[in-house]
Structure formats: structure tokens, C-alpha cells
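In case you want the letters, here they are:
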Amino acid sequence: MKHYNFAVISGDGTGPEVVAEALKVLEAAGKKYGFEFSTTEFNWGGEHYLSTGEVLPEDAAEQLKKFDAVLLGAIGHPKVKPGILEKGILLKLRFDLDQYINLRPVKLFPGVETPLANKKPEDIDYVVVRENVGGLYTGIGGFTMKGTADETAVQSMVYTRNQVERCIRYSFDLARKRHTKENPWRGLKEKDIAEGKTAQLTLCGKTNVLTYVFDLWERVFHEVGKEYPDVKMDYAHVDATTMWMVKNPEWFDVIVTENMFGDIITDLGAMTQGGMGVAAGGNINPNGVSMFEPIGGSAPKYTGMGVINPLAAVLAGAMMLDYIGEDEAAADIEKSVAFVTGNKLKSMAAGKMGYSTSEVGDLVVENL
Ligand code: IPM
Ligand code: MN
């Protein structure tokens, strides 16, 4: 039987509760699909920082590299100044493990309420590929004349050609993987299908203002795109993208964008799919160790009450399975989640689901 080793960073607040449900579901999936796994817990997070003064051990990335993947609950503590844990754990691991893709599906599950009027599950089903280590997050910049009236602060959007190319290539491959000739993207026109297109990739940028960085992105997009004649290429400025995400989300299949734009538009995307209770993401290094997480925070006020929605963590677990090659199991978990949202839960919100956190995990297991 196949055996995997997962690192688990349950983290703070409700992190451990939702991770427990995700692991419960993964275990059931393993029984059905013939794999086993062991987990090693790393107790990094706000509690650990407050009691030891250590944000992350020096060799954290090295330790994680020994695993097949990492499942993360939530990092964040009301008693820790904002920025310390985010930068010191989340961003540091992304950089040190070179997790250059942040994969964020925006998918409305049946029965889940969306704030977008008249939009149905078939209208909201796309994936955002956010470049995850470059751009403004590189941390290049500085101050001059700090503390004076002439103080100047600079923070630069930095991209290397290689960073752009590997991200765009990943996105084309993903578009191709999501759709085939037998299962073309529903938004294609007859003309596109006649031309052999099966999927669509939208570059989200700002070529009209950021004329250096997005000139690079656009050139690479078109060069790499020549190798993917089956993928329809599209472009939208980031501001227009937010407009279409609200007005016409059905226009999107896969969106690729730079780091900060991706950070912003994926929070919007998460809201349109019913909020943080159901939004999952993966920090991916296609040739290394990847880390999967529910996007919502540690929700400290709900800690230990058994009311938090674990489905985002369950879906993060499914993404992790997909990443390690257990794609059938992953798809099955998604199907089970869709059944549970469509037929069981009253709401996605904490305390309003009609079930406790662990009962929701059980429901997903039962319907697997
Ligand atoms: C996210 C978060 C992080 C980011 C923060 C916590 C540093 O907002 O994962 O989207 O900006 O990437
Ligand atoms: Mn964010």
C-alpha cells in the first residue's frame, strides 16, 4: 500500500479543530483508495511564539523538506502584533520552500450562498494562479530621510523572467489539465472549439500603467502560449478583473496573476464562493514540498467551541491529495463536500451550520 508522510502545522485558534476534520476525511479516503499516511505535528504559531520567543526554528524549511506535503491550519494570535507571524512563518516558508504558485480555486458549492445575485455553481468555478514569491512581496525597497517631512519610502514590484515564465507555464498546464477535448471549458464559443481550444487562461495585469513588469508578463504569456494552441488566451487589467469576477464570473476558467494582485482578487473570489469557511488554497512548489491551507484565519473567538466550519480545511486536504497524485480520492472528497453543502448544512457560517465541526467532518466521511 502506498504510504505518505505529511507534516501538519495545526497552528492557532480554530486551526487544530479544522485540521482534525481534514485528517479524518483523508484517512477515510485512504481506506477507500488504498493509501496510508502518517502525520508529524509541528507546533509553530502564535502560542509557540508567545511561550518561547521563537517564531520559526532556523531549519524549519529543511525539516519540512522531508515530507510529501504540509497541511497548515491557521496562523494568527490576538496577542501577537500583526506582521510577525505572517512574515515570520507563512511568508518565510513560502520563500524558503520556493512555493512559487499559490493556487486558489474559486468554486461555488451547491447550497452555498453567494453574495452575487443570480449566480449558480456552474457560473462560479475557476482557479486563480497567484505568483507566490515575487513582486512586492520580495521585500526590496527602503526609506530615506525617515522621520522627516521629506521621508521617502519605496517598495518595488520585482520580477525575474524565470519567475514569470515558470508561473505562466504552470498555469497553461493547469488549464490543460482542467479541461480536455472530452470535457472542454463551458465558456468556449463554437469558433474556439472549431479551432481546437479546450480551456482558457486569462492573464490579469495592468499593462496600461505598470509598463515594465507587465510588459514582461505579457511577452512571456504570448511566447509560452504558442506551445499551448489548445488553450484560449485572454487578458484583463486587474481592476476590470474584479469587475468581471462580480458581474460575469462565468467568463473565467484559469486566471494567472502577480503576487499582490492575486492576494487581493482571491479574497474577493473567496467571498463570491461563500466566504472563508469554504475557501482553500495551496502554496505549491511543483518540484518540491507544497503546503495546503484553509484561507480563513485562526478565528480566535470560536476556539474550542466546535462551531467552526471545517470544509475549507477538508478541501485543502483534497488539494493536497490531488497534488501528491491521489487525484481520484481528491475529486471524490470534493463530491462529498458538494453533497454535504447541498443537502445538509444550513449555513457555512460558524455556529450556524446546524452541525458541530466534527459532525460536519463525519458527514463528509459518510458520503465518501
Ligand atoms: C494570504 C495572506 C497573506 C498574504 C498574509 C497573511 C501575509 O493574506 O495568504 O493571502 O498576503 O499572502
Ligand atoms: Mn491574502
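Note that the structure is a prediction, hence the values are computed from the model and not measured.

Draft legend 1. Up close: the domain arrangement of the chain. Domain annotation for the chain reports domain 1 (1–103 + 276–368) and domain 2 (115–272). Domain 1 and domain 2 are separated by 25 Å when their C-alpha centres are compared. The partner domain 2 presents 17 residues to the 15 residues of domain 1 that form the contact. Regarding the contact of domain 1 and domain 2, the summed buried area is about 1,400 Å², with carbon and sulfur atoms giving 61% of it. Taken together, domain 1 and domain 2 are joined by two salt bridges. We note a salt bridge from Asp98 to Arg166, for which the minimum N-O separation is 3.0 Å. In this assembly, domain 1 and domain 2 are joined by seven residue pairs in polar contact (both at pLDDT 80 or more). Of all elements in the fold, only α4 (84–96), β4 (101–107) and β11 (280–284) reach the threshold of two or more residues within the side of domain 1 that touches domain 2. Grouping the constituent residues of the side of domain 1 that touches domain 2 by class yields nine nonpolar, three polar and three charged.

Draft legend 2. Seen up close, the site of ligand 1. Ligand 1 sits among Glu86, Leu91, Arg94, Arg104, Arg130, Tyr137 and Asp263. Within the contact set of ligand 1, an oxygen atom lies 2.7 Å away from a side-chain nitrogen or oxygen of Arg94. Within the side chain of Asp263, one N or O atom sits 2.9 Å away from an oxygen atom of ligand 1. For ligand 1, whose accessible area on its own is 320 Å², the fraction buried by protein is 74%. Using a 2 Å cut-off from the grid points, one finds that ligand 1 occupies the second largest pocket. Here the residues of the shell around ligand 1 sort into two nonpolar, no polar and five charged. For the shell around ligand 1, the domains that each give at least three residues are domain 1 (1–103 + 276–368) and domain 2 (115–272).

Draft legend 3. Seen up close, the sheet that holds strand β12 (residues 291–294). Taken together, the ten strands give an open sheet; going across it, the order is β2-β1-β3-β12-β11-β4-β5-β10-β8-β9, and neighbouring strands pair in mixed fashion. The open sheet terminates on both sides in strands that have one partner only, identified here as β2 (35–41) and β9 (231–237). The mean angle between the axes of side-by-side strands here comes to 25°, regardless of whether they run parallel or antiparallel. Where strand β8 (residues 199–205) meets β9, seven bridges bridge the pair, whose relative direction is parallel. Across the sheet, the residue bridging to Thr202 is Asp234, located in β9. Sitting on the sheet, α4 is in contact with β1 (2–11), β3 (69–74), β4, β5 (125–131), β11 and β12, with an inclination near 150° to β12. Contacting β5, β8, β9 and β10 (254–257), helix α8 (residues 238–247) crosses the sheet at an angle of about 105° to β9.

Rules of the game
- Residues numbered from 1 in each chain as written.
- Chains lettered and ligands numbered in written order.
- Predicted model: local features only at pLDDT ≥ 70, side-chain atom pairs only at ≥ 80, totals over all residues.
- Heavy atoms only, no water.
- Domains from an automatic or database assignment.
- Contact = heavy atoms within 4.5 Å.
- Buried area = accessible area lost by both parts, 1.4 Å probe.
- Salt bridge = Lys/Arg side-chain N within 4 Å of Asp/Glu carboxyl O.
- Polar contact = N/O pair within 3.5 Å; in protein donor to acceptor, adjacent residues only side chain to side chain.
- Helix = DSSP H or I, 4+ residues; strand = E, 2+ residues; numbered from the N terminus.
- Nonpolar A, V, L, I, M, F, W, Y, C, P; charged D, E, K, R; others polar.
- Near = heavy atom within 4 Å.
- Areas by Shrake-Rupley, 256 points an atom, 1.4 Å probe, with all protein chains shown as cover.
- 1 Å grid on protein atoms, 1.4 Å probe; cavity = no way out; pocket = protein on both sides within 12 Å on 5 of 7 lines; lining within 4 Å.
- Sits in = over half its atoms within 2 Å of the grid points.
- Pairing = 2+ DSSP bridges.
- Axes fitted to C-alpha atoms, helices over the stretch in contact; angles between N-to-C directions.

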